[in-house]
Amino acid sequence: MRHIRSLAVSLSVAALGAAPALAAPKSQPVEIRFAAAVNGAPLACGQRYTGIGSTDASLELQDFRIYVSNFRLLTKDGKEVPMALTPDGVWQDEKGALLDFEDATGNCNGNAPLNTAIKGAAPKGDYTGVVFDIGVPFEINHQDPTLAPAPLNLSATAWPWRVGYKFTTIDLETAPAVGKTASASGFSIHLGSTACGEGSWVTPPKMTCSNPNRPEYRFTAFNPKTHTLVMDLGAVLATTDITTNAPQSPSGCMSSEEDNDCVGLFDRLGLTFRGKPSQGQAFITVK
């Protein structure tokens, strides 16, 4: 009799503890498309573009690779919903992705494959906007690229470990407008973190860099199914003379606060520079 009562109690406890399994939330695939342009014209290797910057100079592309991360989709009421990136072993892992707009033809010196879209998933729903960063998250930014998994395994897109990756590897061959002179024949936009502490260049910093330089871009009217995000070199260089170089500094903007070539660029990228807030980014638009 005692055995029967024990068995009955055990069955009752088991029945009470057997809660129904919760269905996993449904998700949907999401693709965010990007394009590159120069004053509205599609950007391509081997093409020369005129009327660039404050002196109407010309440029030809050498490299255009950009790390993006921290994607969130916006609902109609403005709520941010994280987008999970789909690792592919080449262009993106779960924390970030590499966009590549050069195909190694003409004067370009990168790699032949292109990557102009970010792929992932989000909870099923209707989304009306997107938010993301240009940059590599701090926790994976400071490492040896020769040992890192894709897409962080490219030495051409990295600085020494203490500084981290070049969030934008944009290199240009430049020439002055007709009748004007130039003191430089190239210009680069290498955006990355700076003021990352003292120590060996191959030692990661213990704390975040004082100037993280990861601009956030927010578009409240963006439909992933129909829209493209266009990165326009002409727009971001509109106030810059790409045919000269600030004295005692590398060619172009290397993100240092001491680099005068970064002044107009940081403003148009949407970043604070030398304590002065940006007036609003002019680099990326929705098309």
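Our subject is the structure listed above.
Residues numbered from 1 in each chain as written. Predicted model: local features only at pLDDT ≥ 70, side-chain atom pairs only at ≥ 80, totals over all residues. Heavy atoms only, no water.

### Quick notes on the overall build of the protein chain
Next up, step 1: When helices and strands are counted, the protein chain shows 4 helices and 14 strands.
Next up, step 2: Taking 2.2 N^0.38 as the reference for a compact globule, 287 residues should give roughly 19 Å; the C-alpha atoms of the protein chain span a radius of gyration of 24 Å, well beyond that estimate.
Next up, step 3: The C-alpha extent of the protein chain, read off along each of the three principal axes, is 105 × 45 × 40 Å.
Next up, step 4: Across the 287 residues of the protein chain, 47% fall into the buried class.
Next up, step 5: Expressed as a percentage of contacts within the protein chain between residues at least 6 apart in sequence, the contacts between residues at least 24 apart total 68%.
Next up, step 6: Surface accessibility of the protein chain: about 14,400 Å² in total, with carbon and sulfur atoms responsible for 56%.
Next up, step 7: Of the charged side chains in the protein chain, 23 are positive and 27 negative; the average position of the first set lies 13 Å away from that of the second. (Helix = DSSP H or I, 4+ residues; strand = E, 2+ residues; numbered from the N terminus. Rg over C-alpha atoms; globule rule 2.2 N^0.38 Å. Buried < 20%, exposed > 50% of the residue type's maximum accessible area, 1.4 Å probe, protein only. Contact = heavy atoms within 4.5 Å. Areas by Shrake-Rupley, 256 points an atom, 1.4 Å probe, with all protein chains shown as cover. Lys, Arg positive; Asp, Glu negative; His and termini not counted. Charge placed at Lys NZ, Arg CZ, Asp CG, Glu CD.)

### Quick notes on the nonpolar core
Proteins that are soluble and globular tend to have nonpolar side chains buried together.
Next up, step 1: The biggest cluster of nonpolar side chains holds 63 residues, and the ones touching the most others in it are Ile-32, Phe-64 and Leu-237.
Next up, step 2: Per-element accounting of this core gives the leading share, 9 residues, to strand S4 (residues 57–74).
Next up, step 3: For Phe-64, the residues in contact, after removing those within four places along its chain, are Ala-36, Leu-43, Leu-99, Asp-100, Phe-101, Glu-102, Thr-169, Ile-170, Met-231, Leu-233 and Phe-283. (Core = buried A, V, L, I, M, F, W, Y, C linked by side-chain atoms within 4.5 Å.)

### Some points on the state of the cysteines
Here is the idea: a disulfide is a covalent bond, and it sits between the sulfur atoms of two cysteines.
Next up, step 1: Taken as a whole and assessed by the stated rule, the structure comprises 3 disulfides.
Next up, step 2: Through a disulfide, Cys-45 is tied to Cys-108; the S-S separation comes to 2.1 Å. One disulfide, between Cys-45 and Cys-108, carries an S-S torsion of -100° and so falls in the left-handed class. One end of the pair, Cys-45, is in the loop between strand S2 (41–42) and strand S3 (48–52); the other, Cys-108, is in the loop between strand S7 (96–100) and strand S8 (117–123), and 63 residues separate them in sequence.
Next up, step 3: The class for Cys-45 is buried, based on a relative accessible area of 11%.
Next up, step 4: Residue Cys-108 is classed as buried on the basis of its relative accessible area of 8%.
Next up, step 5: Covalent S-S linkage joins Cys-196 and Cys-209, the inter-sulfur distance amounting to 2.0 Å. Taking the torsion about the sulfur-sulfur bond, which here is approximately 105°, the covalent link between Cys-196 and Cys-209 counts as right-handed. Of this pair, Cys-196 sits in the loop between strand S11 (186–191) and strand S12 (216–219) while Cys-209 sits in the loop between S11 and S12, and the two are 13 residues apart along the sequence. With respect to burial, Cys-196 and Cys-209 carry one shared label: buried. (Disulfide = S-S within 2.5 Å.)

### Thoughts on empty space enclosed by the protein
Next up, step 1: Under the defined criterion, the tally for this structure stands at 1 cavity of 30 Å³ or more.
Next up, step 2: A volume near 50 Å³ is recorded for the largest cavity.
Next up, step 3: Taken together, 13 residues line the largest cavity, and the ones lying closest to its centre are Tyr-67, Gly-96, Ala-97, Val-136 and Leu-152.
Next up, step 4: Looking at the lining of the largest cavity, the elements with two or more residues in it are S4 and S7.
Next up, step 5: The element contributing the most residues to the lining of the largest cavity is S4, with 3 residues.
Next up, step 6: Here the lining of the largest cavity is built from residues that sort into 8 nonpolar, 3 polar and 2 charged. (1 Å grid on protein atoms, 1.4 Å probe; cavity = no way out; pocket = protein on both sides within 12 Å on 5 of 7 lines; lining within 4 Å. Points joined across faces, edges and corners; volume = space filled by probe spheres on them. Nonpolar A, V, L, I, M, F, W, Y, C, P; charged D, E, K, R; others polar.)

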